[in-house]
Amino acid sequence: MDESRVLLWVKAEPFIVGALQVPPPSKFSLHYLRKISTYVQIRATEKAYPRLYWSTWRHIACGKLQLAKDLAWLYFEIFDSLSAKAPEERLEWSEVLSNCTSEEEVEKQRNQLSVDTLQFLLFLYIQQLNKVSLRTSLIGEEWPSSKNRSQSPDLTEKSNCLNKNWNDYSHQAFVCDHLSDFLELLLDPEQLTASFHSTHSSLVSREAVVALSFLIEGTISRATKIYPLHELALWQPLHADSGFSKSSKTFSFYKLETWLRSCLTGNPFGTSACLKSGKKLAWAHQVEGTTKRAKIACNTHVAPRMHRMVVMSQVYKQTVAKSSDTLVGAHVKIHRCNESFIYLLSPLRSVTIEKCRSSIFVLGPVATTLHLHSCDNVKVIAVCHRLSISSTTECIFHILTPTRPLILSGNQTVTFAPFHTHYPMLEDHMARTGLATVPNYWDNPMVVCRENSDTSVFRLLPPCEFYVFIIPFEMEGDTTEIPGGLPSAYQKALGQREQKIQIWQKTVKEAHLTKALEIQG
């Protein structure tokens, strides 16, 4: 097979889940990341390379990049959540943390964690995806080519390109525009000039190409099997094209970059492909008198399990209730839904809720990130690995989460409350996504974008306003109560309210009132 039949594309998950939807710290620029790359590679024996330990990253981030420790941990932990770990391993980590009785003990446990060094550098660099560009804000979005501009399908007639995390054309453009930078970032220090640049004769290590598989994958001749980038680059018939030398076991920088550019194409499992040729789902029933028609599409009939996607838009005054294999492990985007009830009761990979109004979302456990953007007056009920919110107004979050909720920019009147519902398969779904009941940081949010010194952007729901939520569907399963129970103050408030009702009922019963008087009372 010749090289023209190799198709490469940029993976969606590192951008959907990994790129924090906030401008990155200024020290995440290429200049500083190149310095970090050299620093860690010459300290291979000091918990820096090929695995970067939390203690080393904390030293670099806090000491050299001047980041706050919480922010340094945030980026480290987000990347770690992207790594392929069994649910059992994640549950064990939750148990270790829940047994810690002090910050010192937590830090001691964190010091044992490590991530792939080169992939982590790439992860830090893709945070530039959401960098605020003065040029872009003046002239509009930049695209890989004019051809792609017209091909970008959307759920609505209006452009939805602002959310770059879900826009696969933005992913492709970002990687193509910065491909030389990515490769330079991964070079061994001796392959760089004094100013940290590559030369025409620079050689790229196998380890560097393995790291690049974090962002790029592909296939041969439109086969069904998907390969990591390094497997294709190291495939014998492609050596001449990819620039791999068997004798030096390295790639020619120039040939590798040329080959990558010639093979990169659109992601066949990205949002655009899902909307253009995905299977349309009739999950929402048309309500008499409404003119808007719900649009729901998925790619699960063609996509491998790790590439599943469901996109839902324009659900208006409807109820969508689904527990389905179509949802299991899928990245879900919910867009422009108004005055609706959405129940997605399956284990999910990630969920993004955008531009929704006056609706309630009840979700199955979300293995990575649950993100809300530009939503008004919505209630979200979920167990999730992480919650992040931006530009929301008067939203309530009933959550169970092992990480601190992230308050990004533009939020007003945010309310956090304990998770307060259950459905029969919930605990089974939590086990499948590696989510435990402890630790639970629902009440300890982290303000990442502090636009001013006002910390009153959020509140904790007062116990007197708290009620449990009943999911009104029958399902099979063993969960019969709220996992982990309720915080004592909320449980006490429920008990007192229940007691008042019982006293009132007893009073009415003992008064021997007639039906008419009961109604009047």
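Residues numbered from 1 in each chain as written. Predicted model: local features only at pLDDT ≥ 70, side-chain atom pairs only at ≥ 80, totals over all residues. Heavy atoms only, no water.

Labelled according to an unreviewed UniProt entry, the protein appears under the name TBCC domain-containing protein 1, originating from Callithrix jacchus. Its UniProt record gives the protein the following Function (unreviewed entry) comment, quoted word for word: "Plays a role in the regulation of centrosome and Golgi apparatus positioning, with consequences on cell shape and cell migration." Under the heading Sequence similarities (unreviewed entry), UniProt records this for the protein: "Belongs to the TBCC family." (UniProt positions renumbered as here; feature names shortened; annotations may be inferred.)

A. Fine view of the packing of helix H3 (residues 54-64) against helix H4 (residues 69-82). Running from amino to carboxyl end, H3 crosses H4 at an angle of 130°, the nearest separation of the two axes being 9 Å. Overall, the two elements H3 and H4 adopt an arrangement that is oblique. Every pair of crossing elements has a handedness; the one defined by H3 and H4 is right-handed. Seen from H3, the contacting residues are Trp54, Trp57, Arg58, Ala61 and Cys62; seen from H4, they are Lys69, Ala72, Trp73 and Phe76. A breakdown of the residues in the contact of H3 with H4 according to their chemical character gives 7 nonpolar, no polar and 2 charged. (Axes fitted to C-alpha atoms, helices over the stretch in contact; angles between N-to-C directions. Helix = DSSP H or I, 4+ residues; strand = E, 2+ residues; numbered from the N terminus. Parallel < 35°, antiparallel > 145°, perpendicular 65-115°, else oblique. Left-handed = near helix turned anticlockwise from the far one by under 90°. Contact = heavy atoms within 4.5 Å. Nonpolar A, V, L, I, M, F, W, Y, C, P; charged D, E, K, R; others polar.)

B. Structural detail: helix H11 (residues 179-186). Counting buried residues in H11 gives 7 out of 8 residues, a clear majority hidden from the surface. Of the residues making up H11, those classed as buried are Leu179, Asp181, Phe182, Leu183, Glu184, Leu185 and Leu186. Its buried side turned inward, H11 meets helix H2 (30-41), helix H7 (117-125), helix H10 (168-177), helix H12 (206-212) and helix H15 (253-263). (Buried < 20%, exposed > 50% of the residue type's maximum accessible area, 1.4 Å probe, protein only.)

C. Representation of the confidence of the model for the protein in the model. This prediction gives the protein a mean pLDDT of 89; 88% of its residues lie at or above 70. Of the regions scoring below 50 in pLDDT, residues 137-161 engages in 42 contacts with residues more than four places distant in sequence or in other chains. (pLDDT = per-residue confidence, 0-100.)

D. Summary view of the environment of Trp54. Mapped onto the elements of the fold, Trp54 is located in helix H3. By relative accessible area, Trp54 is classed as buried at 0%. A sequence separation of 58 residues divides Trp54 from Gln112, and the C-alpha atoms of the two residues are 7.2 Å apart. What Trp54 contacts, discounting residues up to four positions off in sequence, is Lys69, Ala72, Trp73, Phe76, Glu107, Arg110, Asn111 and Leu113.

E. A look at unusual backbone geometry. That bond from Tyr49 to Pro50 is cis: its omega, 5°, falls within 30 degrees of zero. With respect to the secondary-structure elements, Pro50 resides in the loop between H2 and strand S2 (51-53). In this chain, Val438 is followed by Pro439 through a cis amide linkage whose omega measures -5°. Relative to the helices and strands, Pro439 resides in the loop between helix H17 (426-433) and strand S22 (446-447). Residue Glu339 is not a glycine yet carries a positive backbone phi of 50°. Locating Glu339 in the fold gives a position in the loop between strand S13 (331-335) and strand S14 (341-344). Of note in this structure, Asn377 is not a glycine but carries a positive phi near 55°. Turning to its location among the elements, Asn377 is positioned in the loop between strand S17 (366-373) and strand S18 (379-390). In this structure Asn377 comes out as partly exposed when scored by relative accessible area, which is 43%.

F. Region of the structure containing empty space enclosed by the protein. Under the counting rule described, the total for this entry stands at 2 cavities of 30 Å³ or more. A volume near 130 Å³ is recorded for the largest cavity. Around the largest cavity, the lining comprises 15 residues; the ones closest to its centre are Ile16, Val17, Ala19, Thr369 and Ser388. At the level of elements, strand S15 (350-354), S17 and S18 are the ones that each hand at least two residues to the lining of the largest cavity. In terms of residue count, the dominant contributor to the lining of the largest cavity is S15 (3 residues). By residue class, the composition of the lining of the largest cavity is 6 nonpolar, 8 polar and 1 charged. (1 Å grid on protein atoms, 1.4 Å probe; cavity = no way out; pocket = protein on both sides within 12 Å on 5 of 7 lines; lining within 4 Å. Points joined across faces, edges and corners; volume = space filled by probe spheres on them.)

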